[in-house]
Amino acid sequence: MLKVLFYRPRPASGPDTGPEKLLAYLDSTNRFQLEVRDEPPSPAYFADFDVVVLGAAFPLISTEEARLLADYVQQGGGLVCLGESADSWGEHELLQTTFGLGGGRNRTERTELIVRVPALSDHPVTRRLAAGDAHDHYAGLDRDTAFALSDSFCPAATSNLAGLDRQVLLLVSWRGERLPAAWLQSYGRGYLFYTGLGAALPGWAHPAFQQILYRAICYTGGELRQEARPVRVAMVGYGAIGFEHGTAVSVVPGLEFAAVCDRNPARLEEARRAFEGVKLYQDYSEVLRDPQIDLAIISTPPNLHAPMALELLEAGKHVVVEKPFCLTVREADAMLEKARQVGRMLSVYQCRRWDPDYLAIKGAVEAGMIGDLFHVETFIGGFSHPCDYWHSHAPVSGGVFYDWGSHYLDWILGLMPGQIAGVSGSAHKRVWHDVTNEDQAKVVIRYEGGQEAEFIHSDIAAALKPKWYILGTKGAIVAHWREETVTTRRWSGDLIEERLAPSEALPRLTAHVRQEDGLIHTQDLTLPPAPVFPFHRNLANHLLLGEPLAVRPEQARRNIAVMEAARRSAFEDGQFISLESYEFSSTI
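Below: a short report on this structure. Bear in mind that the values here come from a model prediction, so they are computed numbers and not experimental data.

**Remarks on the overall build of the protein**
Check the secondary structure of the protein and you find 14 helices and 26 strands. On C-alpha atoms alone, the protein measures out to a radius of gyration of 27 Å, which is about the 25 Å that the 2.2 N^0.38 rule sets for 588 residues. Its C-alpha atoms give the protein principal-axis dimensions of roughly 85 × 70 × 65 Å. Counting all 588 residues of the protein, 52% fall into the buried class. Long-range pairs, those at least 24 residues apart, make up 72% of the contacts in the protein with a sequence separation of at least 6. Of the roughly 26,000 Å² that the protein leaves accessible, carbon and sulfur atoms contribute 49%. With 56 positive and 74 negative side-chain charges, the protein shows a separation of 2 Å between the mean positions of the two kinds.

**Notes on the sheet that holds strand β5 (residues 111-116)**
The mixed open sheet is built from nine strands, whose spatial order is β2-β1-β3-β4-β9-β8-β7-β5-β6. Whereas interior strands pair on both sides, the edge strands pair on one side only; in this sheet they are β2 (32-37) and β6 (146-151). Mean inter-strand twist for the sheet, computed between neighbouring axes without regard to direction, equals 20°. Bridge count between strand β8 (residues 177-187) and strand β9 (residues 190-195): six bridges; the pairing is antiparallel.

**Remarks on the environment of valine 348**
Relative to the helices and strands, valine 348 is located in strand β15 (residues 346-348). Residues valine 348 and tyrosine 219, spaced 129 residues apart in sequence, show a C-alpha to C-alpha distance of 29 Å. In this structure, valine 348 is in contact with Val321, Glu322, Lys323, Phe325, Phe535, Val551 and Ala556, ignoring residues within four places of it in sequence.

**What about the pairing of strand β13 (residues 295-298)?**
Here β13 shows a buried face lined by Leu295 and Ile297 and a second buried face lined by Ala296 and Ile298. Relative to β13, strand β10 (residues 231-236) is paired through four bridges, and the arrangement is parallel. Looking at the pairing, valine 233 lines up with leucine 295 of β13. Sheet topology note: the β13/strand β14 (residues 318-321) ladder contains four bridges and is parallel. Of the residues in β14, the one forming a bridge with isoleucine 297 is valine 320. Each parallel crossover has a hand, and the one from β13 via helix α8 (residues 305-314) to β14 is right-handed.

**Structural notes on unusual backbone geometry**
Along the chain, lysine 323 connects to proline 324 via a cis peptide bond; the corresponding omega equals -10°. With respect to the secondary-structure elements, proline 324 resides in the loop between β14 and α9 (329-342). In this structure, arginine 175 is a non-glycine residue whose phi angle is positive, near 50°. Tracing the chain through its elements places arginine 175 in the loop between β7 (166-174) and β8. On the basis of relative accessible area, arginine 175 is assigned to the exposed category, the value being 67%.

**Some points on the pattern of salt bridges**
Under the definition given, this model contains 32 salt bridges. Residue lysine 465 is joined to glutamate 454 by a salt bridge in which the shortest nitrogen-to-oxygen separation is 3.4 Å. With lysine 465 in the loop between β19 (452-458) and β20 (468-472) and glutamate 454 in strand β19, the pair connects residues that are eleven residues apart, well separated along the chain. Residue class for lysine 465 comes out partly exposed when judged on its relative accessible area of 32%. Connected through shared salt-bridge partners, Arg8, Glu20 and Asp38 make up one network.

**Description of the nonpolar core**
Leu197, Phe325 and Ile445 are the most contacted members of the largest nonpolar core, which totals 144 residues. Looking at which element gives the most residues to this core, the answer is helix α4 (residues 207-220), with nine residues. With residues up to four places along the chain from it excluded, the contact list for leucine 197 reads Leu82, Gly83, Leu113, Val115, Leu149, Asp151, Ser152, Phe153, Leu170, Val172, Ala181 and Phe209. Residues Tyr72, Ala86, Leu101 and Trp183 belong to the second largest nonpolar core, which totals 23 residues.

**Topic: helix α1 (residues 18-28)**
Those residues of α1 that fall on the buried side of the exposure criterion are Gly18, Pro19, Leu22, Leu23, Tyr25 and Leu26. For α1, the angular spread of buried residues about the axis comes to 155°, placing them on one side. Looking at the buried positions of α1, the neighbouring elements they touch are β1 (2-7), β2 and α4. Asparagine 30 sits one or two positions beyond α1 and adopts a positive phi of about 55°.

**Observations concerning the packing of aromatic side chains**
Under the definition given, this model contains 23 aromatic pairs. On the numbers, 5.7 Å between centres and 70° between planes, the contact of phenylalanine 46 with tyrosine 72 is edge-to-face. Placement of the pair is phenylalanine 46 in the loop between β2 and β3 (51-54) and tyrosine 72 in helix α2 (residues 63-74), with a sequence separation of 26 residues. The pair phenylalanine 46 / tyrosine 72 is uniform in exposure class, with both members buried. Aromatic pair phenylalanine 99 and tyrosine 187: ring centres 5.7 Å apart, planes at 70°, arrangement edge-to-face. You can see phenylalanine 99 sitting in helix α3 (residues 93-99) and its partner tyrosine 187 sitting in strand β8, a full 88 residues away along the chain. Members of the aromatic cluster, joined through ring pairs, are Tyr358, Trp404, Tyr408, Trp411, Phe455 and Trp468. In this structure, lysine 3 packs its charged tip against the face of phenylalanine 49, placed 5.5 Å from the ring centre.

Conventions used here
Residues numbered from 1 in each chain as written. Predicted model: local features only at pLDDT ≥ 70, side-chain atom pairs only at ≥ 80, totals over all residues. Heavy atoms only, no water. Helix = DSSP H or I, 4+ residues; strand = E, 2+ residues; numbered from the N terminus. Rg over C-alpha atoms; globule rule 2.2 N^0.38 Å. Buried < 20%, exposed > 50% of the residue type's maximum accessible area, 1.4 Å probe, protein only. Contact = heavy atoms within 4.5 Å. Areas by Shrake-Rupley, 256 points an atom, 1.4 Å probe, with all protein chains shown as cover. Lys, Arg positive; Asp, Glu negative; His and termini not counted. Charge placed at Lys NZ, Arg CZ, Asp CG, Glu CD. Pairing = 2+ DSSP bridges. Axes fitted to C-alpha atoms, helices over the stretch in contact; angles between N-to-C directions. Right-handed = clockwise from strand over helix to strand, strands pointing away. Salt bridge = Lys/Arg side-chain N within 4 Å of Asp/Glu carboxyl O. Core = buried A, V, L, I, M, F, W, Y, C linked by side-chain atoms within 4.5 Å. Arc of directions from axis to C-beta. Phe/Tyr/Trp six-rings, centres within 6.5 Å; stacked < 30°, edge-to-face > 60°. Lys NZ or Arg CZ within 6 Å of the ring centre and 35° of its normal.

Shown next as structure tokens:
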């Protein structure tokens, strides 16, 4: 664990500011022993730490302090400078000649900057950035290698870099040029990471900025200098989602699509045609025994998720489970306990956390647009015959609570993460008697603070409710389904119209906000672009670079607890079920 001394801006920032969010992110990695200070830095104190992060304006220091600073890096220390911390270094000849930082006082005005990773660059500090997340809305940007940041920087800070051993990691577009905005420089046995970005403190909350600072601290501290070999991934069950996983694994650097296991020869042939060179297994035990497989994605029917995950974890594989995570809290606890025992990663493919409508709602809620949430309703369904595959057979699927509920309840728990008082559920079986899933299910969640949430999945709803109906103390957000059709032509020229299912089109989001004059102002919410393979990118970043896991198994367990309690309530005439009986049964 690296000992890190972090100087943040003074005075200390509030709980919702960029610096506090960055520090919370760094702390969540469990990689650092952080000491945070906000008084002027003292280079005489640096020697006790592996890395020093200067996040505040560095005041003019004496020649002796400048020498101590240079000596610290020369003797193997890591120094990370961001924002205005090194703007005055050009006035110290020793620091100017050692680190090449001059002209920092000629900082630009704050504006929206386009920050890019240099072409053909493949450095651990900038690989697989979260640049494509909901913070950036720019058509034409390669969102794997570029992002927007409201900030300032120092165009003249690079004026004295000639002859220095440095590697440019980020560029900023500035008035017809692309100028260095961040670089690494070796000096003696140590490293300096510098970026003039970060002078505007809200930018510290940007996911890409947080990733870069985390990696810069690791790199200058002697870690992450060379990324491990790619994580070799096997797909266990090549069903409808197999091509999506295979494509993501094949595209994301750091992951390698190594094998597919399926009992159906036709599906193995599909995988062989789609992904050249992938190993094909019909016997699942071959995946367990294959020492070349690092991670397995389980895409089998849900009743097999837990037993297969336990076997794969025991075999030393990291495991990703398709949703639902499993069917019971007992199974979830066993999976979490086994992952802890063997020291392997466990996650669930909650891919819809990155759906544009959810990202837009979450962003609006976090910005305080409608105040504090106290009531959330969600709906999915229609009036059509359920499929006749395993998805509609409750002993295998878990029932209708576990289908779309796995996504919608995950959304609700993300928007309203407070302490749950209890859950109730109800179900109808009135029309589709050839399948065992319920025709309609409702889950109601009540929170200790009085908030409430509701989810309905119905296959017998001739009229649709809104997808989202969210009330807050300052307003509301409503998402109405769109009725869309795809039009083509027959060979004869006749028009063919195919109506999409509601879930196949993004909804229209509208915010209703009460102003001080008492009027309710209504506005449409723009949906951000969908990120590119965000789950799989985070998977690689977690396994190879130690970044926090986006979908933690403890979150998936909470989702299962709500669904299991709702199903139990439905069988007990809608009784209110306390989640106290679903507390962890192990010491996880």
